[in-house]
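Commentary on secondary and tertiary structure
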Amino acid sequence: MRVNEKYSTLPAEDRSVHIINICAIEDLGYQPSEGTLLNSLSVNPDAKCKYGLYFRDGKRKVDYVLVYHHKRGSGSRTLARRVLQNDAALGTRSARQDQPLPGKGSPGGARQQEPPMDFHEDDKRFRREEYEGNLLEAGLELEHDEETKIHGVGFVKIHAPWNVLCREAEFLKLKMPTKKMYHINETRGLLKKINSVLQKITDPIQPRVAEHRAQTMKRLSYPFSREKQHLFDLSDKDSFFDSKTRSTIVYEILKRTTCTKAKYSMGITSLLANGVYSAAYPLHDGEYEGEDVEFNDRKLLYEEWASYGVFYKYQPIDLVRKYFGEKIGLYFAWLGVYTQMLIPASIVGVIVFLYGCATVNENIPSMEMCDQSHNITMCPLCDKTCSYWKMSSACATARASHLFDNPATVFFSIFMALWAATFMEHWKRKQMRLNYRWDLTGFEEEEDHPRAEYEARVLEKSLRKESKNKEDEMEGIAQPAIPEQMASSLFHSQTRRMREREKHRNIPEESTNKWKQRVKTAMAGVKLTDKVKLTWRDRFPAYFTNLMSIVFMIAVTFAIVLGVIIYRISTAAALAMNSSPSVRSNIRVTVTATAVIINLVVIILLDEVYGCVARWLTKIEVPKTEKSFEERLIFKAFLLKFVNSYTPIFYVAFFKGRFVGRPGDYVYIFRSFRMEECAPGGCLMELCIQLSIIMLGKQLIQNNLFEIGIPKMKKFIRYLRLKRQSPADHDEHMKRKQRYEADFTLEPFGGLTPEYMEMIIQFGFVTLFVASFPLAPLFALLNNIIEIRLDAKKFVTELRRPVAVRAKDIGIWYNILRGIGKLAVIINAFVISFTSDFIPRLVYLYMYSKNGTMHGFVNHTLSSFNVSDFQDGTAPNDPLDLGYEVHVCRYKDYREPPWSEHKYDISKDFWAVLAARLAFVIVFQNLVMFMSDFVDWVIPDIPKDISQQIHKEKVLMVELFMREEQGKQQLLDTWMERGPKKSEPCSNHSPQAGPDGPENHGGAL
């Protein structure tokens, strides 16, 4: 059936907002109804339709909206609406089959007076009309509106009637609540009393929403079936399917419905990608603020969830799921669990920090470093410009290091490893509870519809293959392969033949390049058989590009870190030449702080770049489904951002001060820059500074400031554009908009990947280097308290309502979290053993200490150097800077003294400390891994009460169907009983009513 057979042009005087009624499809088992054209003649149509939430009749709810751009003529011409004709008009279709397509010239009438439209706009309109006609055939009802307050934008409002909702709910196997209700098993005895006390204590921080209250009764859920509608409570059909479910059903129809033309096919994703429609989204439930606003779920979410004034309350997760769907509900549930679990981690971290503060005056190594009577002269930190310096000048750094480098940090590292394992187990149990409450226990994700880009590539491949086969048939030559140039020429010849066929359909001509572009892009979404697929050979160039690009980006990150290292070295040398004593005494702090700020700025900028690069690399791979696309994008983005965020920290933790050499034989970069050394107290304090500034900077600038500032800036730009319009347009714009107009001005939903990525990187800061910064969980907790409300406000007020997506878990993010948790154990083991002085202190205490105390530890870790052994041109320019001549200086290392036979060689103490460090790594790693696995084993993934409830539901469902079958059998038996009784009078006249007559039947009864 041709598309223009289903539509007719309305007279010019009737071109206003109309409603399109649909005829149900007979072959699906529905009775057709007459389509009628209803003009909106009410006095206040906006109030009647609740400002765009309903059709103009005020009865049918708008479940979805399609948006498109159109061009009007100088006379404010409105495009004619197409409506499906009723059955009486079907007989006249044959007379209209040869009419030109909408938008083209016609023999007479008002159509000739309309200014011609360019082909691209006319072609888009033709595709919209065909696609909307297919939506009508699928059972949906449509209503157009082009007379909007937004110039040049038209809206198609979509409503799904009851029969369509029932059909699609059965197709999607949506679990819906039945009439059957049962009691939820409650705890008894002591646990019941404890729960009662906890509920009273936590009542002030519970959100005031009905969905959040503890439920004692639950409806039995069952996949919806039209044959078993009697099982469900259908007393109120308007509310049986909520707005989230209705929009999900409509979206499934939109994805499945195609816009066909010849052998090509387009779904809603392709139509959006190629500009036929500019947007597609479900509507918000209404306004969220204002005195005269009708109460709705959006307003309730804004008051009890998206407001900063309720930051101390629990999240209404069930209401979030009801409004936004399971996938977004799971994200906020996970974020809430993560934030709650940060509370005990923050408390323990603060205790560890306070322990360091309390014992700082009792730390013997830092006291020895601050004691000026020891008069320890240290070797220069750089060549020529740097002079000798007193160890006591680093007193403040040594005392500050003890705040984070003390025996309690080892305990805290073990605690955080077990905390990560407990958090993962707690989330799995919470996830199972949500699956039970949200009726997702038996849900299995089905394979998604192929992406538009994938189908476009398959189309291009099939066209090339078809062209090759036809050429081979014409020439009688079987060619196993053809060169690229020949393939291109064959492709052009095939498209030329397609153009000839399109001419007979009254499609205007266009150039070959334009047609080829249409074949590659606008005609994406072709439904091909499974015989044509993209193989690894087709994707090899993309895979190779991915590999080279990722390696290049990682190399760029390393190069930037190297540049910052050179900056630190050169800046330290430059500051050492300063004549001010205060500047020279604060060289380390100045260089470290400025270098970390540079790292922070670079990390923030590269994060944005790497996010775009990861998306581009994933696009050229052409994944088949959206799920595959999302998983590949997550992997690439996480890899690049992980390297970008943690490379500077890894350098300070494991590489700085490890390969510096010794006085007289230093290691140089580019033969000019000497590798920088750690402070006498170790690199842990610098690692703490690096970690804290990067973590706090990312949270404050990238996460919160950008999320608040960018939307405000976009709103301000839209306001400036509005002021530049004419006053009439401005006054028109300031009037109350329809709901679909207001939602169109909101930002489109871009997915949860940025939100998850932000929290995963933070989880790495909390766990990976927690031994060096015990306050990391505290700052993460404070950030997340704001982050939850910030994200909530963004979803409720600043984003279009996303399509609800069913999901039973958080997907690949759980595996990433587990990987970070395992990696954190290894990294913290190496931080404690190699970055901190914990192991050298233990070795000294139990092997070298004469009195069993830490006295003499600092001297033990320092080696001696004879200044006469400096290489030429490396000795200090001012050797008398301290006021006396220096003959021997000290440096931190385990080497033989200059008066030894093997001077400056590595001493035995070094190997003893190294062996102890490696032994600690092995013991710590295996012990903590075992404890984590033990926690994983002890805590069951599924709570016992939930498993009992799931089993109870299965039993109740079996009983329900057994009773139903018994009822049917009783009805059948009753019918069988009544049948013979009615036939008894006739049986007396039957010649065969002898021994098999009533007596036999009576016996049967």
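Residues numbered from 1 in each chain as written. Predicted model: local features only at pLDDT ≥ 70, side-chain atom pairs only at ≥ 80, totals over all residues. Heavy atoms only, no water.

**A short note on the overall build of the protein**
To be explicit about the condition: Comment: elements are numbered from the N terminus, with helices defined as DSSP H or I runs of at least four residues and strands as E runs of at least two. The classification of residues rests on relative accessible area computed with a 1.4 Å probe and restricted to protein chains. Under 20% of the type maximum is buried, over 50% is exposed, and intermediate values are partly exposed. In this analysis, two residues are considered to be in contact whenever any of their non-hydrogen atoms come within 4.5 Å of each other. To be clear on the numbers: accessible area is Shrake-Rupley with a 1.4 Å probe, and residue cover counts the displayed protein chains and nothing else.
Scanning the protein for helices and strands turns up 32 helices and 16 strands. Here the protein holds 1005 residues, and 50% of them are scored as buried. Considering only residue pairs separated by 6 or more positions, the protein has 80% of its internal contacts joining residues 24 or more positions apart. Accessible surface, the protein as shown: approximately 49300 Å² in total, 58% of it carbon and sulfur.

**Focus on the environment of Val938**
In this fold, Val938 is placed in helix H29 (residues 908-938). What makes Val938 partly exposed here is its relative accessible area of 43%. The spatial distance from the C-alpha of Val938 to the C-alpha of Glu425 is 9.7 Å, given a sequence separation of 513 residues.

**Structural notes on the state of the cysteines**
Worth spelling out the cut-off: In this description, the term disulfide denotes a pair of cysteine sulfurs within 2.5 Å.
What the rule picks out here adds up to three disulfides. Paired through a disulfide, Cys370 and Cys395 show a sulfur-sulfur distance of 1.8 Å. Its S-S torsion of about 95° marks the bond between Cys370 and Cys395 as right-handed, since a negative value means left-handed. Highlighted residues: Cys370 in helix H11 (residues 364-370) and Cys395 in helix H12 (residues 395-404), separated in sequence by 25 residues. The partner cysteine of Cys379 in its disulfide is Cys889, sulfur to sulfur 1.9 Å.

**Describing a nonpolar patch on the surface**
We count it as follows: Exposure above 30% relative accessible area and the lack of any salt bridge qualify a residue for a patch; like charges then connect within 9 Å, and the nonpolar side chains Val, Leu, Ile, Met, Phe, Trp and Tyr within 5 Å. Criterion for a salt bridge: a side-chain nitrogen of Lys or Arg within 4 Å of a carboxyl oxygen of Asp or Glu.
A cluster of nonpolar side chains, namely Trp536, Phe540, Tyr543, Phe544, Leu547, Met548 and Val551, defines an oily patch on the protein surface of about 740 Å² accessible area. Along the chain, Phe544 falls in helix H17 (residues 536-576). Residue Phe544 is classed as partly exposed on the basis of its relative accessible area of 46%.

**Focus on unusual backbone geometry**
In this structure, Lys384 takes a positive phi of about 65° despite not being glycine. Checked against the element boundaries, Lys384 lands in the loop between strand S9 (377-378) and strand S10 (389-390). The backbone phi angle of Asp439 is positive, close to 60°, even though this residue is not glycine. Positionally, Asp439 belongs in the loop between helix H13 (407-437) and helix H14 (452-475). Assessed through its relative accessible area of 18%, Asp439 is described here as buried.

**With respect to H12**
The buried count for H12 comes to seven of ten residues, which makes it a mostly enclosed element. Within H12, the full set of buried residues consists of Cys395, Ala398, Ala400, Ser401, His402, Leu403 and Phe404.

**Focus on the nonpolar core**
Condition: What is meant by a nonpolar core is a set of buried Ala, Val, Leu, Ile, Met, Phe, Trp, Tyr and Cys residues, joined one to another through side-chain atoms within 4.5 Å.
Counting 128 residues, the largest nonpolar core has Phe324, Trp334, Tyr338, Trp419, Phe769 and Ile810 as the members making the most contacts within it. One finds Cys166, Ile249, Val250 and Phe961 within the second-largest nonpolar core, a separate group that totals 44 residues.

**A closer look at the layout of surface pockets**
We apply this condition: Throughout, the protein atoms alone are placed on a 1 Å grid, and a set of points is a cavity if a 1.4 Å probe fits but cannot get out or a pocket if it is open with protein on both sides within 12 Å along at least five of seven lines; lining residues have an atom within 4 Å of a point. Grid points are joined across faces, edges and corners, and a volume is the space filled by probe spheres set on the points.
By volume, the second largest pocket amounts to about 1300 Å³. Lining the second largest pocket are 48 residues, and of these Leu381, Trp389, Arg584, Ile587 and Arg588 lie nearest its centre. Secondary structure elements with two or more residues in the lining of the second largest pocket: S10, H12, H17, helix H18 (581-585), helix H19 (587-621), strand S14 (673-674) and helix H21 (684-724). No other element matches the six residues that H17 contributes to the lining of the second largest pocket.

**Overview of the pattern of salt bridges**
Between side chains of opposite charge, pairing is possible as soon as their charged atoms come close. On inspection of all chains with the given rule, the structure shows 44 salt bridges. Linking Arg246 and Asp63 is a salt bridge whose minimum nitrogen-to-oxygen distance equals 2.7 Å. Residue Arg246 is found in helix H6 (residues 243-256), and its partner Asp63 is found in the loop between helix H1 (45-48) and strand S3 (64-69); the two are separated by 183 residues along the sequence. Note on Asp63: relative accessible area 4%, which makes it buried.

**Details of H19**
The condition that has to hold: An expected span of 1.5 Å times one less than the residue number is assigned to each helix.
End to end, H19 covers 49 Å across 35 residues, agreeing with the expected 51 Å (1.5 Å per residue, within 8%). Immediately downstream of H19, the backbone of Val622 shows phi near 55°, a positive value.

**Quick word on the packing of helix H10 (residues 326-358) against H13**
The criterion, for reference: With axes taken as lines fitted to C-alpha atoms, and helix axes fitted only over the stretch in contact, angles between N-to-C directions fall between 0 and 180 degrees. Between 65 and 115 degrees an angle is taken as roughly perpendicular, under 35 as roughly parallel, over 145 as roughly antiparallel, and anywhere else as oblique. When the near helix sits turned anticlockwise from the far one by under a right angle, the crossing is termed left-handed; a clockwise turn instead gives a right-handed crossing. By the convention adopted, Pro, Cys, Tyr, Trp, Phe, Met, Ile, Leu, Val and Ala count as nonpolar, Lys, Arg, Asp and Glu as charged, and the other residues, Gly among them, as polar.
Contact geometry of H10 with H13 gives a least axis separation of 10 Å together with a crossing angle of 160°. In terms of their interaxial angle, H10 and H13 are classed as roughly antiparallel. For the pair H10 and H13, the crossing hand works out as right-handed. The class makeup of the residues in the contact of H10 with H13 is 21 nonpolar, five polar and one charged.

**Here we look at the side chain of Asp145**
To be explicit about the condition: In this tally, Asp and Glu contribute negative charge and Lys and Arg positive charge; neither His nor the terminal groups of the chain are included. Throughout this description, a polar contact denotes any pair of N or O atoms lying within 3.5 Å of each other; where both atoms belong to protein, one of them has to be capable of donating a hydrogen while the other can accept it, and for residues adjacent in sequence the pair is counted only when both atoms sit in side chains.
Note that Asp145 resides in strand S4 (residues 141-145). It is Arg56 that comes nearest to the buried, bridge-free Asp145 among opposite-charge side chains, at 4.1 Å. At 2.5 Å, the side chain of Asp145 forms a polar contact with the side chain of Tyr740.

**Some words on the pairing of S4**
The criterion, for reference: Pairs of strands are assigned from DSSP output, requiring at least two bridges between the strands.
Counting buried residues along S4, five of its five residues qualify, which places the element largely inside the surrounding structure. Both faces of S4 are covered, namely the face carrying Glu141, Glu143 and Asp145 and the face carrying Leu142 and His144. With five bridges joining them, S4 and strand S5 (residues 153-159) adopt antiparallel strand pairing. Within S5, the residue paired with Leu142 across the bridge is Ile158.

**So, the environment of Val843**
Relative to the elements of secondary structure, Val843 occurs in helix H27 (residues 838-848). The buried category is assigned to Val843, whose relative accessible area is 6%. Along the chain, Val843 and Leu914 lie 71 residues apart, while their C-alpha atoms are 10.0 Å from each other. Excluding its chain neighbours within four sequence positions, the residues that come into contact with Val843 are Tyr848, Val913 and Ala916.

**Considering the packing of aromatic side chains**
Our working rule: Note on aromatic contacts: the rings of Phe and Tyr and the six-membered ring of Trp form a pair at centre separations within 6.5 Å, being stacked when their planes are under 30 degrees apart, edge-to-face when over 60 apart, and tilted otherwise. Look at NZ for Lys and CZ for Arg. If either is within 6 Å of the ring centre and within 35 degrees of the ring normal, a charge sits over the ring.
Applying the stated rule across the entire model yields 55 aromatic pairs. Judged by centre distance (5.7 Å) and plane angle (50°), the rings of Trp334 and Tyr756 are tilted. On the criterion of sequence distance, the pair formed by Trp334 in helix H10 and Tyr756 in helix H24 (residues 753-767) is long-range, its members being 422 residues apart. Taking the relative accessible area as the measure of exposure, Trp334 reaches 1% and is therefore buried. Over the ring of Tyr666 we find Arg674; its NZ or CZ atom is 3.6 Å from the centre of that ring. Above the face of the Tyr323 ring, Arg801 is positioned so that its terminal group lies 3.9 Å from the ring centre.

**Describing the side chain of Asp405**
Along the chain, Asp405 turns up in the loop between H12 and H13. One buried charged side chain, Asp405, makes no salt bridge at all; its nearest oppositely charged neighbour is Arg841, positioned 4.2 Å away. Among the polar contacts made by the side chain of Asp405, one reaches the main-chain amide nitrogen of Asp837 at a distance of 3.2 Å. The contacts of Asp405, once residues within four sequence positions are left out, are Leu684, Ser836, Asp837, Phe838 and Arg841.

**Some details on the packing of helix H26 (residues 812-835) against H29**
Helix-helix packing is described using two parameters, namely the angle between the two axes and the distance between the axes. Their axes nearest at 9 Å, the elements H26 and H29 cross at an angle of 150°. The orientation of H26 with respect to H29, classified from their angle, is roughly antiparallel. The chirality of how H26 crosses H29 is right-handed. Side by side, H26 and H29 meet where Arg818, Lys822, Val825, Ile826, Asn828, Ala829, Phe830, Ile832, Ser833 and Phe834 of the first sit next to Leu914, Arg917, Leu918, Phe920, Val921, Phe924, Gln925, Val928, Met929, Asp933 and Asp936 of the second. Considering only residue class, the contact of H26 with H29 consists of 13 nonpolar, three polar and five charged.

**Concerning the confidence of the model for the protein**
Just so we agree on the cut-off: Confidence of the prediction at every residue is given by pLDDT, a number between 0 and 100.
Overall, the prediction assigns the protein a mean pLDDT of 77, with 78% of residues at 70 or greater. Note on residues 73-115: pLDDT is under 50 here. Beyond four places in sequence and across chains, it has 82 contacts. Low pLDDT, under 50, characterises residues 501-530; the stretch is placed with 75 contacts to residues that sit more than four places away or in other chains.

**Focus on the environment of Ala804**
Note on placement: Ala804 falls in the loop between helix H25 (776-798) and H26. For the pair formed by Ala804 and Phe324, sequence separation is 480 residues and the distance between their alpha carbons is 5.5 Å. Sequence-distant contacts of Ala804, defined by excluding residues within four places in its chain, comprise Lys244, Thr248, Phe324 and Gly325.

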